[in-house]
Amino acid sequence: MSIQIFGTKKCFDTKKAERFFKERGVKFQFIDMKEKGMSRGEFTSVMQAVGGIDAMINDKAKDKETLVLMKYLTDSDKEEKLFENQQLIKTPVVRCGKKAVIGFFPDKLEKFE
């Protein structure tokens, strides 16, 4: 299985995750979420691995209007809105098969080596 890192080129935590794997000689694929987001299957897999939709939402995202709206939506509507607006997802998202981690947590990333 190959490791995927979803993030943006300007995200410091994404850069840390890339460096973490490079230093250990672990191959990974970087997916820039500004150019190409997650597929529906990848999105669903990550959501299940991290414990639900709320764990994926970045409370510090720039789109404050959508963040406020998300608080009042049902989980299924939140899921649809987040899939449409993937810039609201916390980064990096490190994924390998059914396992996924959101954010830079070296102790959790060691599971992917």
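Heads up: the structure comes first, above all this text.
Residues numbered from 1 in each chain as written. Predicted model: local features only at pLDDT ≥ 70, side-chain atom pairs only at ≥ 80, totals over all residues. Heavy atoms only, no water.

A. Here's a closer look at the pairing of strand β4 (residues 99-102). Of the pairings in the sheet, the one linking strand β3 (residues 93-96) to β4 comprises four bridges and is antiparallel in character. Of the residues in β4, the one forming a bridge with V94 is V101. Counting the residues in the hairpin turn of β3 and β4 gives two residues, including G97, whose phi is positive at 65°. (Pairing = 2+ DSSP bridges. Helix = DSSP H or I, 4+ residues; strand = E, 2+ residues; numbered from the N terminus.)

B. How the structure looks around unusual backbone geometry. Looking along the chain, the bond that leaves T91 and enters P92 is cis, with omega of -5°. Note that P92 resides in the loop between α4 (75-84) and β3.

C. Up close: the packing of aromatic side chains. With the rule as written, the count across this model stands at four aromatic pairs. Plain terms: the ring middles of F20 and F104 are 6.4 Å apart, the flat faces sit at 75° to each other, and that makes the pair edge-to-face. With F20 in helix α1 (residues 12-23) and F104 in the loop between β4 and α5 (106-109), this residue pair connects regions lying 84 residues apart in the sequence. The interplanar angle of 70° and the centroid separation of 5.3 Å between the aromatic rings of F43 and F83 together place this pair among those described as edge-to-face. (Phe/Tyr/Trp six-rings, centres within 6.5 Å; stacked < 30°, edge-to-face > 60°.)

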